[in-house]
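# Survey of secondary and tertiary structure
Each chain, letter by letter, is given below.
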Amino acid sequence: MSGNRQIFIISAYYPAGNNNLDFKNDLKRLYEYLKLDYIDNYYILGGDLNSKHSSWGNTIGNDKGVSLFDWLYENEIQYRCKLYASSSPSFPRSGSFLDIFIVDSRLIIHETGNSVNCLETLDYDSDHNAVKMVVSRNTQAEPLDFLQSSVTRTLDFKRTDWKKFEKLIMQALNNDSFIPANRNLSNDEIIFHVERLNNIITNAIDKSVPSFKEKDRLKELLNTVIKTLQKEKSRILTVIKKHNRFQNVLNPTVLCFMKNRLKMVRKLLQDNFVISMNKKLEQKFNKINSSNPSTMFSEAKKILRNRKADNINILKIPPEDMCLLHRAEIDHRTLRIENGSDKYVLEDEGHILNFIGAYLESIYSSKSTDETNLVHREVIEVFNSFLEDKVRYEEGLNTITYFNDMNLANDPVASNLDYFTSREEILYIFSKLKGKLSYGIDKIPNIILKKVPMLLIFDTGK
């Protein structure tokens, strides 16, 4: 792949029958180690994961299947995950779909249709069938550098050169391709132009918004005594390392003295850092205006902001609630029984939280069967309606209007105005954004959106 982009082809296998393995954490560690959330990193992970779930064709599920399904749901956005499975059982002996592929959603898997179970299986000299996959990259959607570049620094918007920021955006818009307003765009074109505009904004941020200079908190505590002790510690360590490397540089008596002296210097350093830190705190407290009670406590709270976490009290469970212990998957045989009673004592915070969850779950599940069935039917109806809308959207059947030279996307005819957001509405929404809120997945802060030129806002509104 061009530039810094790279693709990871990962062959994976997860053992069958061992439910003690931490499946979700293993996936998490793998993805973090390979930095698969980086925009320059593409990936295909596939293999016999021994994970069964109805979502990819299995009639009977297992724990690993549930774990994989949950992990995909939790990480779909961060890692751009999309799951594919075979169109027929990859493990014919049991009729199971065990060979799973987790693919970067920017990669195009050909001949897939709309189903998860879309990959062709081939006969192979194994108890598993081979699975065929044809892959290509979506060249229209170029990667967005801002997803990793903007995370590495803290931006100082108060010192931003906003004229330079606007000039950079206008230059990029004039040099780049415009968004056609006289025709409907395909989904791929919409994604391409949204990513292009995001890229223009983030490039302008990188070139016009300065970063905060991070303070070295340790340097603030250094004084003459600490610096002297640090030098002595370095000298002692150098001598001991030379002795360990070349052997017999020091006689045993001197070596013992040096090691004892090193322990003493480290203790002195620790004590002097504490003294220095206390002096810094004292200086901060002395700067607080004690004659003004309205600000005195708020300023003191900023210095002493750390609080200890509240402890969860122990729970005592009577024998008649044994079913709740089982529901929470807590083995009563491992629990302490209170003296003078038959009550089980829960002391572990994890056990306490699981028990509370099991109790709340039992309350919900005790509702009438009719009410539960009614809710179930309503959920199914909403889900089916969502699937129908999704199919119509993918087939282009949900188009509200067709743009042409007489009905432009940036100035639609009056009969369509109820379905679109006008320029005035976009400007009003941008003007009311709260500047101090955290940014979203696009990594563009609200204060930037309030400063972008009108031309880019109108391009976004097409």
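Summarised in this report is the structure supplied together with it. This is a predicted model, so every value here is computed, not measured. Here the residue numbering is sequential within each chain, running from 1 through the sequence in written order. Residue-level local features of this predicted model are given only where pLDDT is at least 70; pairs of side-chain atoms are given and counted only at 80 or more, and the full residue set underlies all totals for whole chains, interfaces and linings. The side-chain numbers reported here are obtained from all heavy atoms of the structure, hydrogens and water having been left aside.

### What about the pattern of salt bridges?
- By definition, a salt bridge exists where a carboxyl oxygen of Asp or Glu is found within 4 Å of a side-chain nitrogen of Lys or Arg. Considering all chains together, one arrives at 13 salt bridges under this definition.
- Across the pair Lys 28 and Glu 32 runs a salt bridge, and its minimum N-O distance is 2.8 Å. Taken together, the residues Lys 28 and Glu 32, both in helix α1 (residues 23-33) and four residues apart, mark about one turn of the helix.
- For every residue, the accessible area obtained with a 1.4 Å probe (protein chains only) is divided by the maximum for its type, and the residue is called buried under 20%, exposed over 50%, and partly exposed between those limits. The class of Lys 28 is partly exposed, set by a relative accessible area of 40%.
- Put simply, Arg 183 and Glu 189 hold a salt bridge, and the shortest N to O gap is 2.9 Å.
- When salt bridges with common partners are traced through the structure, they connect Arg 80, Asp 104 and Arg 106 into a single cluster. Counting from the N terminus, the helices are the DSSP runs of H or I reaching at least four residues and the strands are the DSSP runs of E reaching at least two.

### Considerations on the packing of helix α4 (residues 162-175) against helix α5 (residues 187-208)
- Axis lines are fitted to C-alpha atoms, over the contacting stretch for helices. Their N-to-C directions set the angle, which ranges from 0 to 180 degrees. Interaxial distance between α4 and α5 falls to 9 Å at its minimum, and their mutual angle equals 145 degrees. Considering how the two elements wind past one another, α4 and α5 form a crossing that is right-handed. Along its contact with α4, which presents Lys 164, Phe 165, Leu 168, Ile 169, Ala 172 and Leu 173, the element α5 presents Leu 197, Ile 200, Ile 201, Ala 204, Ile 205, Lys 207 and Ser 208.
- We call Asp, Glu, Lys and Arg charged. Ala, Val, Leu, Ile, Met, Phe, Trp, Tyr, Cys and Pro are nonpolar, and the rest, Gly among them, are polar. Considered class by class, the residues forming the contact of α4 with α5 number 10 nonpolar, one polar and two charged. When the near helix sits turned anticlockwise from the far one by under a right angle, the crossing is termed left-handed; a clockwise turn instead gives a right-handed crossing. The contact definition used throughout considers only heavy atoms, calling two residues in contact when any of these lie within 4.5 Å.

### Thoughts on the pairing of strand β4 (residues 99-104)
- Counting buried positions along β4 gives six out of six residues, so the element sits mostly inside the fold.
- Paired strands are those between which DSSP finds at least two bridges. Relative to β4, strand β2 (residues 41-48) is paired through five bridges, and the arrangement is antiparallel. The partner of Gly 47 across the bridge, within β4, is Ile 100.
- In this sheet, β4 lies alongside strand β3 (residues 81-86) in antiparallel orientation, the contact comprising five bridges. The residue bridging Tyr 84 from the neighbouring strand is Phe 101, located in β4.

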